[in-house]
Amino acid sequence: MVLPALAMFVLFGVVPLVGVLVLSFAQWDGLGAIRPAGLANWGSVLSDPGLPHAIWVTFEIMILSWVVQTPLSLLIGTFLAGRQRYRGFLAVLYFVPLLLSSAAIAITYKALLDPNFGLGAGLKIGFLTQDWLGSSSLAVGVVIFVVSWQFIPFHSLIYQGGVRQIPTTMYEAAEIDGAGRIRQFFSITVPQLKYTIITSSTLMVVGSLTFFDLIFVLTAGGPGDATRVLALDMYKRGFQANLMGPASVIAVLLVLIGLALALLLRRLGGSTTASQQEGA
């Protein structure tokens, strides 16, 4: 029963990954013959002064988006885990941003934030008429805001499911002891969601490494290179400069960084056996 899924994984996961690894040691413009290049691609990419900046921007967006998304997702997920009827409607409403295309979201926000013809100019609101995408610090903030707006619903859904798995008897016992809702949240809900937080954080952190379409449409890596993340750098090298070898090197680096972060978060979360023993 596992063989079809395993075959699909090997065909569309392992084989392309091996191909990218091989291509990182080759010279190819995307059309002509593939020629061996040895370690030339790796040397040129690792010695490029723009690589540390791209890595820094990638981790900056990753960390700041995690800081914004995690508490908001946790609060919204806990709120939606209630049994009131109207919360079902809110759950559907909150989930709408995740159903939209990242490119469409970027185009919409780019139009809304236009200092001349956007929302601020139309409503005569001075704060919104800033050049949001023309300033380095503001552009990074806009990217983090749009990313959070799109993906908070997904992580809220994860936390909603986690909260509903917490036994109600724990809250009943806390109420008998006189604990209020805030005390219950920090003493019961958050500790019981430890492994849910690890899972959500892993998806959030690893997924942030692949931010491309939204940033490409929204800022194209600008202003300057303020929002030039590794995924965008890979695209520009491979499909704009026709340097598939160096682009493949960055792809391999993204895979290695993603694996390292996933393993680190797994180590922080502990093993499944340990969680089962704690639950027992």
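Only a predicted model underlies this, so the values are computations on that prediction, with no experimental measurement involved.

What counts, and at which threshold
Residues numbered from 1 in each chain as written. Predicted model: local features only at pLDDT ≥ 70, side-chain atom pairs only at ≥ 80, totals over all residues. Heavy atoms only, no water. UniProt positions renumbered as here; feature names shortened; annotations may be inferred. Helix = DSSP H or I, 4+ residues; strand = E, 2+ residues; numbered from the N terminus. Axes fitted to C-alpha atoms, helices over the stretch in contact; angles between N-to-C directions. Parallel < 35°, antiparallel > 145°, perpendicular 65-115°, else oblique. Left-handed = near helix turned anticlockwise from the far one by under 90°. Contact = heavy atoms within 4.5 Å. Core = buried A, V, L, I, M, F, W, Y, C linked by side-chain atoms within 4.5 Å. Buried < 20%, exposed > 50% of the residue type's maximum accessible area, 1.4 Å probe, protein only. Salt bridge = Lys/Arg side-chain N within 4 Å of Asp/Glu carboxyl O. Phe/Tyr/Trp six-rings, centres within 6.5 Å; stacked < 30°, edge-to-face > 60°.

*Asks:* Describe in detail the UniProt feature "transmembrane region" (unreviewed entry) in the protein, supporting the description with residues and values.
*Replies:* Look at the UniProt record and you will see "transmembrane region" (unreviewed entry) annotated at residues 7-26, 54-76, 88-112, 132-152, 203-223 and 243-265. Within residues 203-223, the helical portion is 57% and the strand portion 0%, while the C-alpha atoms at the span's ends are 28 Å from each other.

*Asks:* I'd like a description of the packing of helix α4 (residues 86-99) against helix α7 (residues 136-164), backed by residues and values.
*Replies:* Packing of α4 against α7 brings their axes to within 7 Å, and their N-to-C directions diverge by 125 degrees. The pairing of α4 with α7 is recorded here as oblique in orientation. In the crossing of α4 with α7, the sense of the turn from one axis to the other is left-handed. Along the contact surface, α4 presents Tyr94, Phe95, Pro97 and Leu98, while α7 presents Trp149, Gln150, Phe151, Pro153, Phe154 and Leu157.

*Asks:* Pulling in residues and values, what's your account of the environment of Lys194?
*Replies:* Tracing the backbone through its elements, the reader meets Lys194 in helix α10 (residues 194-208). Between the C-alpha atom of Lys194 and that of Gly162, which follows or precedes it by 32 residues, the distance is 9.7 Å. In contact with Lys194, not counting residues within four places along its chain, are Leu268 and Gly269.

*Asks:* Break down the nonpolar core for me, citing the residues and quoting the values.
*Replies:* Of all hydrophobic cores here, the largest spans 19 residues; its most connected members are Ile61, Val142, Val146, Ile215, Leu218 and Val229. Listed by contribution, the elements that provide at least two residues to this core are α3 (50-80), α5 (102-112), α7, α11 (213-218) and α12 (230-240). Residue contributions to this core peak at four residues, all from α7. Within the second largest apolar cluster, 16 residues are counted, among which are Val45, Ile250, Ile257 and Leu261.

*Asks:* Talk me through the environment of Ile63; I want residue IDs and the actual numbers.
*Replies:* Within the secondary structure, Ile63 is located in helix α3. You can call Ile63 partly exposed: its relative accessible area is 48%. The spatial distance from the C-alpha of Ile63 to the C-alpha of Val205 is 7.8 Å, given a sequence separation of 142 residues.

*Asks:* Lay out the side chain of Gln184 with the relevant residues and their values.
*Replies:* Among the structural elements, Gln184 can be located in helix α9 (residues 181-192). Sequence-distant contacts of Gln184, that is, excluding residues within four places in its chain, are made with Tyr171, Ala174, Glu175, Ala179 and Thr189.

*Asks:* How would you explain the pattern of salt bridges if you had to name every residue and give the values?
*Replies:* Here the structure, examined in full by the defined rule, presents four salt bridges. Between Arg228 and Asp225 there is a salt bridge; the shortest N-O distance is 3.9 Å. Across the salt bridge formed by Arg237 and Asp233, the nearest N and O atoms sit 3.2 Å from each other. Here the residue Arg237 and the residue Asp233 both occupy positions in helix α12, the gap between them amounting to four residues, near one helical turn. Accessibility classification places Arg237 together with Asp233 in one group, the buried group.

*Asks:* Help me get a handle on the packing of aromatic side chains, residues and values and all.
*Replies:* Per the counting criterion, the structure on display carries 10 aromatic pairs. Both rings, one in Phe151 and one in Phe211, keep their centres 6.0 Å apart while their planes meet at 25 degrees; by these two values the pair is stacked. Separated by 60 residues along the polypeptide, Phe151 in helix α7 and Phe211 in the loop between α10 and α11 bring together distant segments of the chain. For Phe151, a relative accessible area of 24% puts it in the partly exposed group. Taking relative accessible area as the criterion, Phe211 reaches 12% and is therefore assigned buried. Among the aromatic residues, those joined into a ring-pair cluster are Phe212, Phe216, Tyr235 and Phe239.

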